[in-house]
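Structural features, examined
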Amino acid sequence: MVIDAHVHLSERPDDALIPFARRNGLRYTFDELLSTMRTHGVQHGLLLSPPLQDGTPLPNGDVIKLCRRSQGTLSPIFTVEPTKKEVASVLKLAEQSKKEVKGFKVRLGYIKASAEGPVFGDLYDYAEAEGLPVLFHTGDTASRSGDLSLSHPLNLDRLANRREELTIVLCHFGSPWFEDAAELVYKHPKVYADMSGLTTGGGTYGRKLSQWLARKVSEAIYFIGGAEKVLFGTDYPVTKYSDALDLVKLLDVEEADRQRILWRNAQKVFGL
Ligand SMILES: [Zn+2]
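Residues numbered from 1 in each chain as written. Predicted model: local features only at pLDDT ≥ 70, side-chain atom pairs only at ≥ 80, totals over all residues.

On to the overall build of the protein, then. Check the secondary structure of the protein and you find eleven helices and eight strands. Against the 2.2 N^0.38 benchmark of 19 Å for 272 residues, the protein shows a C-alpha radius of gyration of 17 Å, consistent with a compact globule. Summarising the internal contacts of the protein: among those between residues at least 6 apart in sequence, 76% fall at separations of at least 24. (Helix = DSSP H or I, 4+ residues; strand = E, 2+ residues; numbered from the N terminus. Rg over C-alpha atoms; globule rule 2.2 N^0.38 Å. Contact = placed C-beta atoms within 7 Å.)

Within the open sheet, the eight strands sit side by side as E1-E2-E3-E4-E5-E6-E7-E8. Their pairing is parallel. Strands with a single pairing partner mark the edges of an open sheet, and in this sheet they are strand E1 (2–8) and strand E8 (230–231). One ladder, built from two bridges, connects strand E7 (residues 191–194) with E8; its direction is parallel. Bridging from a neighbouring strand, Asp-194 pairs with Leu-231 of E8. Here helix H8 (residues 178–187) sits on the sheet and contacts strand E6 (168–171) and E7; the angle it forms with E7, its principal contact strand, is near 145°. (Pairing = 2+ DSSP bridges. Axes fitted to C-alpha atoms, helices over the stretch in contact; angles between N-to-C directions.)

A cis amide bond, omega 10°, links Ser-175 with the succeeding residue Pro-176. Checked against the element boundaries, Pro-176 lands in the loop between E6 and H8. In this structure, Gln-71 takes a positive phi of about 50° despite not being glycine. For Gln-71, a count of 8 C-beta atoms within 10 Å gives the class exposed. A positive phi angle is found at His-172, which is not glycine, with a value near 65°. One can find His-172 in the loop between E6 and H8. (Buried ≥ 20, exposed ≤ 12 C-beta atoms within 10 Å, placed from the backbone.)

A separate point is the environment of Thr-239. Here Thr-239 shows up in the loop between E8 and helix H10 (241–250). Residues Thr-239 and Ser-196, 43 residues apart in the sequence, show an inter-C-alpha distance of 7.6 Å. In contact with Thr-239, not counting residues within four places along its chain, are Ser-196, Gly-197, Leu-198, Thr-199, Thr-200, Thr-234 and Ala-244.

Before going further, it helps to examine the pairing of strand E2 (residues 42–48). For E2, the tally of buried residues reaches six of seven residues, placing the bulk of the element in the interior. Here five bridges tie E1 to E2, and the two strands are oriented parallel to one another. Residue pairing in the sheet places Val-2 in a bridge with Val-42 of E2. Strand direction decides the pairing type here: E2 and strand E3 (residues 74–79), joined by three bridges, are parallel. Its bridge partner lying in E3, Gly-45 is registered against Leu-74.

Where helix H9 (residues 206–224) meets H10, the closest approach of the two axes is 9 Å, and the angle between their N-to-C directions is 55°. Judged by the inter-axis angle, H9 sits oblique to H10. Crossing hand, H9 versus H10: right-handed. Residues Ser-210, Gln-211, Leu-213 and Ala-214 of H9 lie in contact with H10, whose contacting residues are Asp-246, Leu-247 and Leu-250. Tallied by class, the residues present in the contact of H9 with H10 amount to four nonpolar, two polar and one charged. (Parallel < 35°, antiparallel > 145°, perpendicular 65-115°, else oblique. Left-handed = near helix turned anticlockwise from the far one by under 90°. Nonpolar A, V, L, I, M, F, W, Y, C, P; charged D, E, K, R; others polar.)

With respect to the helices and strands, Ser-151 occurs in helix H6 (residues 148–151). As a C-alpha pair, Ser-151 and Gly-109 span 42 residues in sequence and 4.5 Å in three-dimensional space.

This part covers H8. Every buried residue of H8 is accounted for by Phe-178, Asp-180, Ala-181, Ala-182, Leu-184 and Val-185. On its buried side, H8 packs onto helix H7 (157–162), E6, E7 and H9.

Let us now look at the packing of helix H4 (residues 84–96) against helix H5 (residues 121–130). Interaxial distance between H4 and H5 falls to 9 Å at its minimum, and their mutual angle equals 20°. In terms of their interaxial angle, H4 and H5 are classed as roughly parallel. Here H4 and H5 pass one another in a crossing that is left-handed. Taken together, the residues of H5 that come into contact with H4 (itself represented by Val-87, Leu-91 and Ala-94) are Asp-122, Leu-123 and Tyr-126. Of the residues belonging to the contact of H4 with H5, the class tally is five nonpolar, no polar and one charged.

Moving on to the nonpolar core. Most often, soluble globular proteins have nonpolar side chains that are buried together. Phe-104, Phe-136, Ile-168, Leu-170, Ala-181 and Leu-231 are the most contacted members of the largest nonpolar core, which totals 81 residues. Setting aside residues no more than four positions away along its own chain, Phe-136 makes contact with Val-106, Leu-108, Ala-115, Leu-156, Ile-168, Val-169, Leu-170 and Cys-171. (Core = buried A, V, L, I, M, F, W, Y, C linked by C-beta atoms within 7 Å.)

As a further point, take the pairing of strand E5 (residues 134–137). Of the two faces of E5, both are covered, the one formed by Val-134 and Phe-136 as well as the one formed by Leu-135 and His-137. Following the backbone out of strand E4 (residues 103–106), through H5 and into the adjacent parallel E5, one traces a crossover that is right-handed. Both E5 and E6 contribute to a ladder of four bridges, which runs parallel. Across the sheet, Phe-136 pairs through a bridge with Leu-170, a residue of E6. (Right-handed = clockwise from strand over helix to strand, strands pointing away.)

In short, geometric facts, not functional conclusions.
Quick look at the structure:
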C-alpha cells in the first residue's frame, strides 16, 4: 500500500509545471496520473493546485472537480493565498466540501507573506478545530523569484510554538535544509515532513544526488528517532513515481519505518 501525500494536476495549457513534466517525459494528464499510480501500487493521492503561468494557483474548485472525477483515488488539499478574501472563500469551500477536503496548503516562498501572517489566523483556527493539517512549501523554490528567507523551514518554529494543536507538514523536507526540518519534526509533536519533489535535477550527478538525498533523509530520521512523522510524496509531475519510490527504497531504515513513510503516517495525518 502506498499513499502519495503531494500530487499536482490541472490539464490546463497554462499550467506552470508543464516544463517539469516534459523534462520527466510525462504527459501530465488525468489518465496518465491515475494509470501510473495504479502501476506503482499507489492507492491514494492528495491533490494540490499547481501554479499557473500567471503565478496564481489553480482554483480550488477545479481541484475538487479532478478529485471527484477520480472516484476516490484523489482527495483535495486547498491552497490558501494571503488575503482576507481568499482565506474566507477557502474556508467557505471547506465547509461545503467537509467530507472531501483533507487539508490546506500555504505556498511559502512564492507568496509575499510569512506563515505567521495574521491573515492566516482564521485558517489555523479552522484547521485546528477540524483536525486538518496545513501543508507549507518549504525549502528550494521552483522559480528564481522565490523568497528563500520565507520558505526556510525554521520559519515554522514560532508558529508551531504558538499553535500546539495545529498539524503542520513541511513539504519537500525543507530541502536542502534537511537538518533544520528534522529539528522541527523532533521538537514539535504535530510537525511532519514530506519527501516530495526531492529527486529532481542532478544532471550528470542524478544517481549521486539520489544517494545523497537518501543519506540526508535517513540521517534526519535517526536524529528524530523514528519515521512516525515522515510522509511519502512525489510532487508529480516534478518528480516521477519511479524516482520517488526508488528514493524510499534507498533509505537505510527498518522495514516498519518504510511502511510508515509509504502509507501508515499519511493515513493518520489526512484521516484516510
Ligand atoms: Zn508541490
